[in-house]
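These are the residues of each chain, in order.
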Amino acid sequence: MAVDNRPVDQQIEGVLRKKNIRSFEIDKVRLEDCILPGDIVKAKVLSIGDTRKVFLTTEEDELGVVFARSEETRALMIPYDWKEMICPYSGIKESRKVAKPEFDNFNPDEKNDKMIEETA
């Protein structure tokens, strides 16, 4: 677990309530279609509860499942869209509340230039 990109060295329990998973159609949220045990989730702290417990939200587009393993193949899946991830080996899609990928430091032109120089 990390807070502001700094590792936390103590055990903290995060609670993600069904009503804090997304900001629309809250009454239709099915937890098993959004997040499963073992998923790596990017979330924001809503409030601090009792000792070592924080309440979380994934309502914003940038928040949600970042990494997940396929239930069938156990392979690491990749985002397919905002509500599904796909196993690159089997092609099977699984429902998740997927976090919008962040590309702050990604420059595809820079990467392509380096690749061209390396192969030339």
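Everything discussed here concerns the structure shown above.
Okay, so let's go over this structure.

Definitions and limits used
Residues numbered from 1 in each chain as written. Predicted model: local features only at pLDDT ≥ 70, side-chain atom pairs only at ≥ 80, totals over all residues. Heavy atoms only, no water. Pairing = 2+ DSSP bridges. Helix = DSSP H or I, 4+ residues; strand = E, 2+ residues; numbered from the N terminus. Axes fitted to C-alpha atoms, helices over the stretch in contact; angles between N-to-C directions. Phe/Tyr/Trp six-rings, centres within 6.5 Å; stacked < 30°, edge-to-face > 60°. Buried < 20%, exposed > 50% of the residue type's maximum accessible area, 1.4 Å probe, protein only. Core = buried A, V, L, I, M, F, W, Y, C linked by side-chain atoms within 4.5 Å. Contact = heavy atoms within 4.5 Å. 1 Å grid on protein atoms, 1.4 Å probe; cavity = no way out; pocket = protein on both sides within 12 Å on 5 of 7 lines; lining within 4 Å. Points joined across faces, edges and corners; volume = space filled by probe spheres on them. Nonpolar A, V, L, I, M, F, W, Y, C, P; charged D, E, K, R; others polar.

### Focus: the sheet that holds strand β10 (residues 93–95)
What the three strands build is an open sheet, ordered β8-β9-β10; its pairing is antiparallel. Because the sheet does not close on itself, it has two edges, and the strands there are β8 (78–81) and β10. Taking the axes of each pair of neighbouring strands and ignoring which way they run, one obtains an average angle of 40° across the sheet. Summarising the sheet, β8 and strand β9 (residues 84–86) pair through three bridges and their orientation is antiparallel. Looking across to β9, one finds that Asp 81 is bridged to Glu 84.

### Some words on the packing of aromatic side chains
In total, this model carries one aromatic pair according to the counting rule given. Look at Phe 24 and Trp 82: their rings are 5.9 Å apart centre to centre, the planes differ by 65°, and that puts the pair in the edge-to-face class. Highlighted residues: Phe 24 in the loop between β3 (13–16) and β4 (40–42) and Trp 82 in the loop between β8 and β9, separated in sequence by 58 residues. With relative accessibility at 52%, the residue Trp 82 sits in the exposed group.

### Quick word on unusual backbone geometry
The backbone phi angle of Glu 25 is positive, close to 45°, even though this residue is not glycine. Along the polypeptide, Glu 25 turns up in the loop between β3 and β4. Not every positive phi belongs to a glycine, and Arg 74 is a case in point at roughly 65°. Its location among the elements puts Arg 74 in the loop between β7 (64–67) and β8.

### Concerning the nonpolar core
Counting 11 residues, the largest nonpolar core consists of Ile 21, Val 29, Cys 34, Ile 35, Val 65, Ala 68, Ala 75, Met 77, Met 85, Cys 87 and Val 98. For Ala 68, the residues in contact, after removing those within four places along its chain, are Asp 39, Ala 75, Leu 76, Met 77, Met 85 and Arg 96.

### Here we look at the pairing of strand β5 (residues 44–48)
In this structure, β5 lies alongside strand β6 (residues 53–57), joined through four bridges in antiparallel fashion. Across the sheet, residue Val 45 finds its bridge partner in β6, namely Leu 56. Where β5 folds back on β6, the antiparallel hairpin that results is connected by four residues, among which Arg 52 adopts a positive phi of roughly 55°.

### Let's talk about the layout of surface pockets
Taken as a whole, the largest pocket holds about 1100 Å³ of empty space. What lines the largest pocket is a set of 34 residues, and nearest its centre among them are Ala 2, Val 41, Lys 42, Ala 43 and Lys 44. Counting residues per element, the ones that place at least two in the lining of the largest pocket are β1 (2–3), β3, β4, β5, β6, β7 and β8. Among the residues forming the lining of the largest pocket, the class breakdown is 24 nonpolar, two polar and eight charged. Taken as a whole, the second largest pocket spans an internal volume of roughly 360 Å³. For the second largest pocket, the lining is made up of 23 residues, of which Arg 22, Trp 82, Lys 83, Arg 96 and Lys 97 are closest to its centre. The residue makeup of the lining of the second largest pocket, split by class, is eight nonpolar, two polar and 13 charged.

Function cannot be inferred from these measures alone, as they are strictly geometric.
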